[in-house]
Amino acid sequence: MERPIEKIRGYGSAMSPQSIVIAVDGTAASGKGTLAKKLAQHFGFAHLDSGALYRLAAYSVLEAKGDPKNEADALRGAQTIDFNLAGDARIRTDFIGQAASFVAAIPAVRAALLDFQRNFLAHPPGGSPGAVMDGRDIGTVICPGATAKLYVDARPDVRARRRWTELKAMGIRRGEGDLLKELNARDAADKSRPVSPLVQAPDAALLDTSDLGIDAAFAAALALVSAKVESALKDRPRG
Ligand code: DC
């Protein structure tokens, strides 16, 4: 049965201006997800990986034997997301990443997922004072008024090598050259689509993680957002 996503999760539709938002956008395998998670932990904020929504929508399309490039199939996929699979390894494959990029280029899909994301930011789960969301259009479309914005990138060869290492640890052997081609193709599609393309917001701080390990990248991310976030935490109305 099809149900709008916001009803599945029970979020209201009103935006609260009080919540603090850190928007983390960037290219595939740039490290943005890890950084977003660590920032959320650091500040005690809720975290949402918006890419997982598109991956879940794509998974739902493929399970129903649909075509991720077909508008009706893709919209149905977005409307029938199974949130129980959010942490499932099956949505983490490069194949699903590619299909997610296809469904994400369809305006009706993005519109169907918009309220869910905005409501998450306006009412972070667990009564948390803020939220960190990572994706492609968080600082540009989902929350242009975010408290702090990061745009995370790394050289394509470095990102392909990270992905190769990750897959190897999972027992999956892929050619690094193929992974590089796939990452480049997905980034090109995400950057060039007419709706909500991946682009650095003018007020987003650029963080290049090419030559940084996880700890150094996190320290750099924190240095870029902490003054804005701490000041918002101090100024936020209580009661
Ligand atoms: O971040 P990821 O690799 O899990 O994202 C998978 C795809 O989903 C990505 O190629 C583009 C799409 N996506 C998007 O269009 N907008 C977002 N906010 C997040 C992901």
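Up top is the structure.
Participant: Looking at this model, I keep getting lost on unusual backbone geometry. Mind explaining?
Facilitator: For alanine 29, which is not glycine, the phi dihedral falls at a positive 60 degrees. Structurally, the position occupied by alanine 29 is in the loop between strand 1 (20-26) and helix 2 (32-43). Positive phi, normally seen in glycine, also occurs at lysine 65, with a value near 60 degrees. By secondary structure assignment, the location of lysine 65 is in the loop between helix 3 (50-63) and helix 4 (71-79).

Participant: So what exactly am I meant to see when it comes to the site of the ligand here?
Facilitator: With respect to spatial proximity, 15 residues lie near the ligand, and among them Arg55, Arg110, Arg136, Arg186 and Asp190 are the closest. Contact distances for the ligand include 2.8 Å between an oxygen atom and a side-chain N or O atom of arginine 136. The side chain of arginine 193 places a nitrogen or oxygen atom 2.8 Å from an oxygen atom of the ligand. Protein coverage of the free-state accessible area of the ligand, which is 440 Å², stands at 96%. Those elements giving two or more residues to the shell around the ligand turn out to be helix 3, helix 5 (94-104) and helix 9 (176-192). The element best represented in the shell around the ligand is helix 3, accounting for 4 residues.

Participant: How should I be thinking about the packing of helix 4 against helix 6 (residues 107-122) in this particular structure?
Facilitator: Geometrically, a packed helix pair is captured by the angle between its two axes and the distance between the axes. Between helix 4 and helix 6, the shortest axis-to-axis distance is 8 Å and the interhelical angle comes to 15 degrees. Taken together, helix 4 and helix 6 sit at an angle that is classed as roughly parallel. As for how helix 4 packs across helix 6, the hand of that crossing is right-handed. Across the interface between the two elements, Glu71, Ala74, Leu75 and Ala78 from helix 4 touch Ala108, Val109, Ala112 and Leu113 from helix 6. In terms of residue class, the contact of helix 4 with helix 6 is built from 7 nonpolar, no polar and 1 charged.

Participant: Even after reading the chapter, I still don't get the pattern of salt bridges, so can you show me in this structure?
Facilitator: Two side chains that carry opposite charge are able to pair once their charged atoms sit near each other. By the definition in use, this model includes 16 salt bridges. With a closest N to O distance of 3.0 Å, arginine 163 and aspartate 94 form a salt bridge. Pair noted here: arginine 163 is in helix 8 (residues 156-169) and aspartate 94 is in helix 5, with a separation of 69 residues, a long-range link. Looking at arginine 163, the relative accessible area reads 11%, which means it is buried.

Participant: Any chance you could explain the packing of aromatic side chains here in plain terms?
Facilitator: Within this structure, the stated rule accounts for 2 aromatic pairs. Measuring from ring centre to ring centre gives 5.5 Å for phenylalanine 43 and phenylalanine 45, while their planes differ by 25 degrees; the resulting arrangement is stacked. With respect to burial, phenylalanine 43 and phenylalanine 45 carry one shared label: buried. Lying across the ring of phenylalanine 218, lysine 38 places its NZ or CZ 5.5 Å from the centre.

Participant: What am I meant to see in the environment of proline 129 here?
Facilitator: By the element assignment, proline 129 lies in the loop between helix 6 and strand 3 (130-135). Using a relative accessible area of 24% as the deciding quantity, one classes proline 129 as partly exposed. Residues proline 129 and isoleucine 20 lie 109 residues apart in sequence; the distance between their C-alpha atoms is 6.3 Å. In contact with proline 129, not counting residues within four places along its chain, are Gln18, Ser19, Ile20, Gly44, Phe45, Leu233 and Arg236.

Participant: Looking at this model, I keep getting lost on the side chain of arginine 136. Mind explaining?
Facilitator: By secondary structure assignment, the location of arginine 136 is in the loop between strand 3 and helix 7 (138-142). Dropping the residues within four chain positions of it, arginine 136 is found in contact with Asp25, Gly26, Ala28, Lys32, Arg186, Asp190, Arg193, Pro197, Leu198 and Val199.

Participant: What is the right way to look at the sheet that holds strand 4 (residues 148-153) in this model?
Facilitator: In a beta sheet, neighbouring strands are held together by backbone hydrogen bonds and run either parallel or antiparallel to one another. Spatially, 2-3-1-4-5 is the arrangement adopted by the 5 strands of the open sheet, whose pairing is parallel. Whereas interior strands pair on both sides, the edge strands pair on one side only; in this sheet they are strand 2 (46-49) and strand 5 (205-208). Neighbouring strand axes in the sheet, compared pairwise and without regard to direction, differ in orientation by 20 degrees on average. Note that strand 4 and strand 5 share 4 bridges and pair parallel. When the bridges of strand 5 are listed, valine 152 appears paired with leucine 207. Lying on the sheet, helix 3 is in contact with strand 2 and strand 3; it crosses strand 2 at an angle near 40 degrees.

Calculation rules
- Residues numbered from 1 in each chain as written.
- Predicted model: local features only at pLDDT ≥ 70, side-chain atom pairs only at ≥ 80, totals over all residues.
- Heavy atoms only, no water.
- Helix = DSSP H or I, 4+ residues; strand = E, 2+ residues; numbered from the N terminus.
- Near = heavy atom within 4 Å.
- Polar contact = N/O pair within 3.5 Å; in protein donor to acceptor, adjacent residues only side chain to side chain.
- Areas by Shrake-Rupley, 256 points an atom, 1.4 Å probe, with all protein chains shown as cover.
- Axes fitted to C-alpha atoms, helices over the stretch in contact; angles between N-to-C directions.
- Parallel < 35°, antiparallel > 145°, perpendicular 65-115°, else oblique.
- Left-handed = near helix turned anticlockwise from the far one by under 90°.
- Contact = heavy atoms within 4.5 Å.
- Nonpolar A, V, L, I, M, F, W, Y, C, P; charged D, E, K, R; others polar.
- Salt bridge = Lys/Arg side-chain N within 4 Å of Asp/Glu carboxyl O.
- Buried < 20%, exposed > 50% of the residue type's maximum accessible area, 1.4 Å probe, protein only.
- Phe/Tyr/Trp six-rings, centres within 6.5 Å; stacked < 30°, edge-to-face > 60°.
- Lys NZ or Arg CZ within 6 Å of the ring centre and 35° of its normal.
- Pairing = 2+ DSSP bridges.

All quantities given are derived from atomic positions and should not be read as evidence of function.
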